[in-house]
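Examining the three-dimensional arrangement
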Amino acid sequence: MVSNTSEELISNNEIVEEELEPTDLEDAVDNIERVVPAIEFRDVYLSFDDATILNGISFTVRRGETKVILGRSGGGKSTTIRLILGLLKPDSGQILIDGEDITHYSENEMMEVRKKVGMVFQEGALFDSLSVYDNVAYRLHEQGVSEQDVETEVRRMLRFVDLEDAIDKMPDELSGGMRRRVGIARALVGDPQIVLFDEPTAGLDPPTARTICELAIKLRDLEDVSSIFVTHELKNLEYLSNEYAVVDENGDVNFEQEGEKLCLINTEIVMLKEGKVIFTGKDDEFYASEDKYIQTFVHGK
Amino acid sequence: MNLLQKFLLELQEITLLITAAFVGLFKSPRYVKETVKQMDLIGVGSLPIVILTGFFTGGVLILQTFPLLVYYGAQGESGKAVSTSLIRELGPVLSALMVSGRIGSAISAELGSMVVSQQIDAMRALGTDPYRKLVAPRLIALIFMLPFLTVAADVFGLIGGGIVASTLFNQDYGVFLASVRNGITVEDIISGVIKPLFFGLIIGSIACYKGLSTTGGTVGVGRSTTSAVVLSSIVVIIFDFFLSRALQSILDVRPV
Ligand SMILES: Nc1ncnc2c1ncn2[C@@H]1O[C@H](COP(=O)(O)OP(=O)(O)OP(=O)(O)O)[C@@H](O)[C@H]1O
Ligand SMILES: [Mg+2]
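Let me sum up the structure you'll find in this document. Worth saying up front: this structure is predicted, and the values here are computed from it rather than measured.

Calculation criteria
- Residues numbered from 1 in each chain as written.
- Chains lettered and ligands numbered in written order.
- Predicted model: local features only at pLDDT ≥ 70, side-chain atom pairs only at ≥ 80, totals over all residues.
- Heavy atoms only, no water.
- Helix = DSSP H or I, 4+ residues; strand = E, 2+ residues; numbered from the N terminus.
- Buried < 20%, exposed > 50% of the residue type's maximum accessible area, 1.4 Å probe, protein only.
- Contact = heavy atoms within 4.5 Å.
- Areas by Shrake-Rupley, 256 points an atom, 1.4 Å probe, with all protein chains shown as cover.
- Lys, Arg positive; Asp, Glu negative; His and termini not counted.
- Charge placed at Lys NZ, Arg CZ, Asp CG, Glu CD.
- Near = heavy atom within 4 Å.
- Polar contact = N/O pair within 3.5 Å; in protein donor to acceptor, adjacent residues only side chain to side chain.
- Donors = N, O, S within 2.8 Å, 3.2 Å for Na, K, Ca; no water.
- Patch = residues over 30% accessible without salt bridge, like charges linked within 9 Å, V, L, I, M, F, W, Y side chains within 5 Å.
- Salt bridge = Lys/Arg side-chain N within 4 Å of Asp/Glu carboxyl O.
- Pairing = 2+ DSSP bridges.
- Buried area = accessible area lost by both parts, 1.4 Å probe.
- Phe/Tyr/Trp six-rings, centres within 6.5 Å; stacked < 30°, edge-to-face > 60°.
- Lys NZ or Arg CZ within 6 Å of the ring centre and 35° of its normal.
- Axes fitted to C-alpha atoms, helices over the stretch in contact; angles between N-to-C directions.

**Some thoughts on the overall build of chain B**
Of regular secondary structure, chain B possesses eight helices and zero strands. The secondary structure elements of chain B, listed N-terminal to C-terminal, are α-α-α-α-α-α-α-α. Taken over the C-alpha atoms alone, chain B extends approximately 70 × 40 × 35 Å along its principal axes. Looking at the 256 residues of chain B, the share that counts as buried comes to 48%. When contacts within chain B are restricted to residue pairs at least 6 apart in sequence, long-range pairs at least 24 apart make up 86% of them. Carbon and sulfur atoms form 71% of the exposed surface of chain B, whose accessible area is close to 12400 Å². Here chain B holds 18 positive side-chain charges and 15 negative ones, and the gap between their average locations is 7 Å.

If you want it as structure tokens, here you go:
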């Protein structure tokens, strides 16, 4: 999986979109898998008491694709993400993960599905009685992985989010941004194929926010992870929809701007308004949109 | 009607919680380490207050009944008087009340704040069943440790009674001890140990249920903690009556 360059990835996706005619058997197998979206919402409704939060939401996240969800505060973005994990159940409609209809799954059946999903909570939601190490190691400890492997993996993940020094700290000794990054490390342990980011950059300084976006780009382009990225910040959108990660001959990861050479097709925007999806598409279409609501969202007035 | 509905609903939820916790015991991973930790916290941690409670309850029993026994000329039976009421009733119930105040509140506050800070959601998202990881160890620890605590309360109650009888009323230790031995029956001991098993289940399940169903932020945590203690104390006391009655007929206990 790691060997996938972004070119390969993108051409794969293009095949899905344009010509579903595999040339050889291996391709065919690969493509069938790719046709099935990683996440699919079909006409999902949800209300709390009498307030309708989701009013018929439909969208899909393909393999290796990142969907950026935009919308007003309180617009139901976190709720949407919670539905994917089965932490909430919709009133009606269907939610599919890897083609599996999980809408009516019991808590037990959901446990299997959750194994392939990593979630970064908006508020971090770290276990405050456990150290940073134990928080990040949580999933591995539950799976009974040997302590030696756990330690290697935890250190790798913490290096990823630049927090190796904080390994023995308790969550209440961390700043808000550090807590968020520990949450990211915890979500990414075990290499989940689907990652849900709930406003991972809110309240972080620009360089740290950039690091987190780079992380999401790397997951998308190098690890073929499907993800949902909820955010309010258009800067994040810019990074995610204009840059891609490639591995050079030395094995270093570089970020390149999309341009003449290739155009990113694996990042799309989903805009929510009053419980409905009012826009799905690329960033340039988004900025060019005539819609009043989108205009005010972009310009803030 | 609404109140009855609410009561039945809660009863159903609590039953489901207990079932979920115990069904989980037969599947791996089993949270043995977690359970041992809770046993230490609940059992060893509550020992001092339970001992103190038992000691002074035994003491005050003698203090109040001894003059009465003297009046009836039955001061030789003082040990019997304190041991019967202590082992049958006061030991189990008072230990349960103390533990419900100390542990029931701690459990529901802990689980409640995990709910409001989304840690329970995070736990579920990471593939762990909170009923198995959090509820089952606490229930087992309570059910297992409360009988021991009760026995400790009983023993120290008798010691307290003995000390009061000998120091304040100049009774011989030997006489007191003999009448204790005389007064305790096997049925008393059995029923005195069976009761805390149920009380442990009551306290644990109510505290876990109240904690996990917390809503409304920090204020909600306070609310569920209070209602966990109040509800479990009341249920313990009410249930004690019916349990005593049932045990009486099952064990065929003679009325003193
Ligand atoms: N458990 C709940 N009970 C009742 N209402 C809820 C609950 N959870 C969320 N809501 C309501 O649902 C709406 C959507 O909440 P949600 O958290 O999904 O918003 P959001 O889009 O993530 O907002 P933000 O960008 O501020 O994080 C809000 O109006 C909120 O009041
Ligand atoms: Mg949110």
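Further notes follow.
**Re the site of ligand 1**
All names here are of chain A. The local shell around ligand 1 holds 13 residues, among which S73, K77, S78, T79 and Q122 are the closest. Separating an oxygen atom of ligand 1 from a side-chain N or O atom of Q122 is a distance of 2.7 Å. Protein burial of ligand 1: of its 630 Å² of free accessible surface, 59% is covered by the chains. Residue contributions to the shell around ligand 1 peak at three residues, all from helix α3 (residues 77-84).

**Side note on the coordination of the magnesium ion (ligand 2)**
Around the magnesium ion (ligand 2), the donor atoms from the protein are S78 of chain A (OG) and Q122 of chain A (OE1), and they sit 1.8 to 2.2 Å away. Placement of S78 of chain A in helix α3 and of Q122 of chain A in the loop between β6 (117-120) and α5 (132-142) is noted, with a sequence separation of 44 residues between them.

**Some remarks on unusual backbone geometry**
All names here are of chain A. The backbone of E199 sits at a positive phi, close to 45°, despite the residue not being glycine. Along the chain, E199 falls in the loop between β7 (194-198) and α8 (206-222). Of note in this structure, D224 is not a glycine but carries a positive phi near 60°. Within the secondary structure, D224 is located in the loop between α8 and β8 (226-230). For D224, a relative accessible area of 7% gives the class buried.

**Considerations on a nonpolar patch on the surface**
All names here are of chain B. The grouping of V151, V155, I159, I163, Y173, I189 and V193 at the surface amounts to a nonpolar patch, some 550 Å² of accessible area in total. Among the secondary structure elements, those contributing two or more residues to the nonpolar patch are α5 (130-169) and α7 (186-212). Looking at where V155 falls in the secondary structure, it is placed in helix α5. A relative accessible area of 41% places V155 in the partly exposed class.

**Details of the pairing of strand β4 (residues 92-97) of chain A**
Residues and elements named next belong to chain A. Examined bridge by bridge, strand β1 (residues 39-48) and β4 share five bridges and lie antiparallel to one another. What sits directly across from Y45, in β4, is S92. Across two bridges, β4 lies against strand β5 (residues 100-101) in antiparallel orientation. Each bridged residue has a counterpart across the sheet, and for I97 the counterpart in β5 is E100. Connecting β4 to the next strand, β5, in antiparallel fashion are two residues, including D98 with a positive phi near 50°.

**Details of the pattern of salt bridges**
Tallying each qualifying case throughout the model produces 27 salt bridges over all chains. Note that R42 of chain A is salt-bridged to E40 of chain A, the shortest N-O span being 3.0 Å. On the basis of relative accessibility, which here comes to 16%, the residue E40 of chain A falls in the buried class. The partner of R82 of chain A in a salt bridge is D121 of chain B, with the nearest N and O atoms 2.8 Å apart.

**A word on the interface of chain B and chain A**
Counting residues at the interface gives 17 residues for chain B and 19 residues for chain A. Of the roughly 1600 Å² buried at the junction of chain B and chain A (both faces included), carbon and sulfur atoms supply 52%. Looking at the side of chain B facing chain A, the largest losses of area belong to Q119, R124 and L126 of chain B, adding up to 39% of the total buried there. On inspection of chain B and its partner chain A, the count reaches three salt bridges.

**Quick look at the sheet that holds β1 of chain A**
Each strand in a sheet pairs with its neighbour through backbone hydrogen bonds, running either in the same direction (parallel) or in the opposite one (antiparallel). Taking strand neighbours across the sheet as the criterion, the four strands line up as β2-β1-β4-β5 (chain A) in an open arrangement whose pairing is antiparallel. At either end of the open sheet lies a strand with only one pairing partner, and these are β2 (51-61) and β5 of chain A.

**Things to note about the pairing of β6 of chain A**
Residues and elements named next belong to chain A. Covered by surrounding structure in β6 are V117 and M119 together with G118 and V120, the residues of both alternating faces. Relative to β7, β6 runs parallel, the two being bridged by four bridges. Among the inter-strand pairings, V120 is bridged to a residue of β7, identified as F197.

**A closer look at the packing of aromatic side chains**
Residue and element names in this part refer to chain A. Applying the stated criterion across every chain, the model contains eleven aromatic pairs over all chains. Aromatic pair F286 and Y287: ring centres 5.7 Å apart, planes at 70°, arrangement edge-to-face. When its relative accessible area of 0% is taken as the criterion, F286 is described as buried. The positively charged end of R186 is found above the aromatic ring belonging to F127, 4.8 Å away from the centroid. We note R210 situated over the ring of Y239; from NZ or CZ to the ring centre the distance is 4.6 Å.

**Describing the sheet that holds strand β12 (residues 276-281) of chain A**
Residues and elements named next belong to chain A. As summarised here, the arrangement of the six strands in space is β6-β7-β8-β3-β11-β12, forming an open sheet in which the pairing is mixed. Single-partner strands in this sheet number two, and they are β6 and β12. Strand-to-strand twist across the sheet, computed as the mean angle between neighbouring axes with direction ignored, equals 15°. Here strand β3 (residues 66-70) pairs with strand β11 (residues 267-273) via five bridges, running parallel. Note on β11: the bridge partner recorded for V68 is I269.

The values are spatial; any link to function lies outside them.
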